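# Examining the three-dimensional arrangement
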Amino acid sequence: MRLCWNAMRLLDIEIPAGAVLHGEKRRLVMPRRYQLDWLRRMAGATGCVWLETGEGDLAGGSEAFARRVTCMMHQRSALANLSLRENIMLPFLYAGGDAEIARVAAALPGLAQRLDIADKLDEQVGERSGYMYGLISLCRTLLLQPDFIVVQDAHAGMQPHRQEMFRRLFCEGVEAMGAGVLYLSASVQDGSGLDFCQSLEFAGAEESL
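Residues numbered from 1 in each chain as written. Predicted model: local features only at pLDDT ≥ 70, side-chain atom pairs only at ≥ 80, totals over all residues. Heavy atoms only, no water.

### Considering the packing of helix α5 (residues 130-144) against helix α6 (residues 160-177)
The relative placement of two packed helices comes down to the angle between their axes together with the axis-to-axis distance. The cut-off we apply is this: In this description, a line fitted to the C-alpha atoms serves as the axis of each element, helices being fitted only across the stretch in contact, and the angle between N-to-C directions of two axes falls anywhere from 0 to 180 degrees. Helix and strand assignments come from DSSP, with helices taken as H or I runs of at least 4 residues and strands as E runs of at least 2, each series counted from the N terminus. The cut-offs work like this: below 35 degrees is roughly parallel, past 145 is roughly antiparallel, 65 to 115 is roughly perpendicular, and the gaps in between are oblique. Residue contacts follow a heavy-atom distance rule, with two residues in contact if any of their heavy atoms lie within 4.5 Å. Three classes are used: nonpolar for Ala, Val, Leu, Ile, Met, Phe, Trp, Tyr, Cys and Pro, charged for Asp, Glu, Lys and Arg, and polar for all others, with Gly counted as polar.
In contact at an axis separation of 11 Å, α5 and α6 are set at 10 degrees when each is read in the N-to-C sense. With respect to α6, the axis of α5 lies roughly parallel. Between α5 and α6, the contacting residues are Y131, G134, L135, L138, T141 and L142 on the first element and R162, M165, F166, L169, F170, G173 and M177 on the second. Counted by class, the contact of α5 with α6 contains nine nonpolar, three polar and one charged residues.

Here is the structure:
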């Protein structure tokens, strides 16, 4: 199983074709506006990104693709007017069946305890720290159990002591799932804690890494 992408032009840089095998961890280092362009290509029906499986290819932007590939966006994982619990459950409430919703509802309390957010589940999200946004996104990802995770600078902007805690929880979760990871970072010093089998750096004409 592979998460694949064609060679593509992101704004003013050229990205070569590539792939992440299930269980591998690869990184693309580029400024955030290029990351967002890459994510738009993946989410749209452009044919640029697809999932190669034993049963056939799944196009980026399709429902089948979204069930197997989860995104962890930089500090964009929550709706402020909903509770933490509602935010975490959103993907399942919209697309999951009754059995899946029941499974996730049963698993959430224990997982929230591990992430130290059990006492906050019914609080309205409102304005939270980057660390809390990261935990909401991580909790949702661990419940989804995807085959691949596309991560956009999940650790950026966190206080050093919070980053260390998030790094441990994130790496433990990734290893337990055995998921493939494509990590989009604005810096080689991303603090992810992951051991990448490949890291490629790109800069636009007027960008500096």
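### As for the state of the cysteines
Applied cut-off: Throughout, a disulfide means two cysteine sulfur atoms within 2.5 Å of one another. Here's how the labels work: a residue is buried when its accessible area is under 20% of the maximum for its type, exposed when over 50%, partly exposed in between, all with a 1.4 Å probe on protein chains only.
One pass over the full model with this rule turns up zero disulfides. Free of any disulfide, C48 has its nearest cysteine sulfur in C4, 13 Å distant. Residue C48 is classed as buried on the basis of its relative accessible area, which comes to 14%. Of all cysteine sulfurs in the structure, the one in C171 sits closest to C139, which takes part in no disulfide; the separation is 17 Å.

### Structural notes on unusual backbone geometry
Positive phi is not limited to glycine here, since L11 has a value of about 55 degrees. Tracing the backbone through its elements, the reader meets L11 in the loop between β2 (8-10) and β3 (13-15). A positive phi angle, near 45 degrees, is found at D153, a position not held by glycine. Mapping D153 onto the fold places it in the loop between β9 (148-152) and α6. Taking relative accessible area as the criterion, D153 reaches 5% and is therefore assigned buried.

### Some points on the sheet that holds strand β4 (residues 18-21)
Applicable threshold: Strand pairing follows a simple DSSP-based rule, namely that at least 2 bridges must link the two strands.
Pairing within the open sheet is antiparallel, and its four strands lie in the order β4-β1-β6-β7. Where the open sheet ends on each side, the last strands, each with one partner, are β4 and β7 (56-59). With strand direction ignored, the average angle separating the axes of adjacent strands in the sheet is 25 degrees. Bridge count between strand β1 (residues 2-5) and strand β6 (residues 49-53): four bridges; the pairing is antiparallel. Bridge pairing in β6 places R2 opposite E52.

Geometric descriptors of this kind do not, in isolation, establish any biological role.
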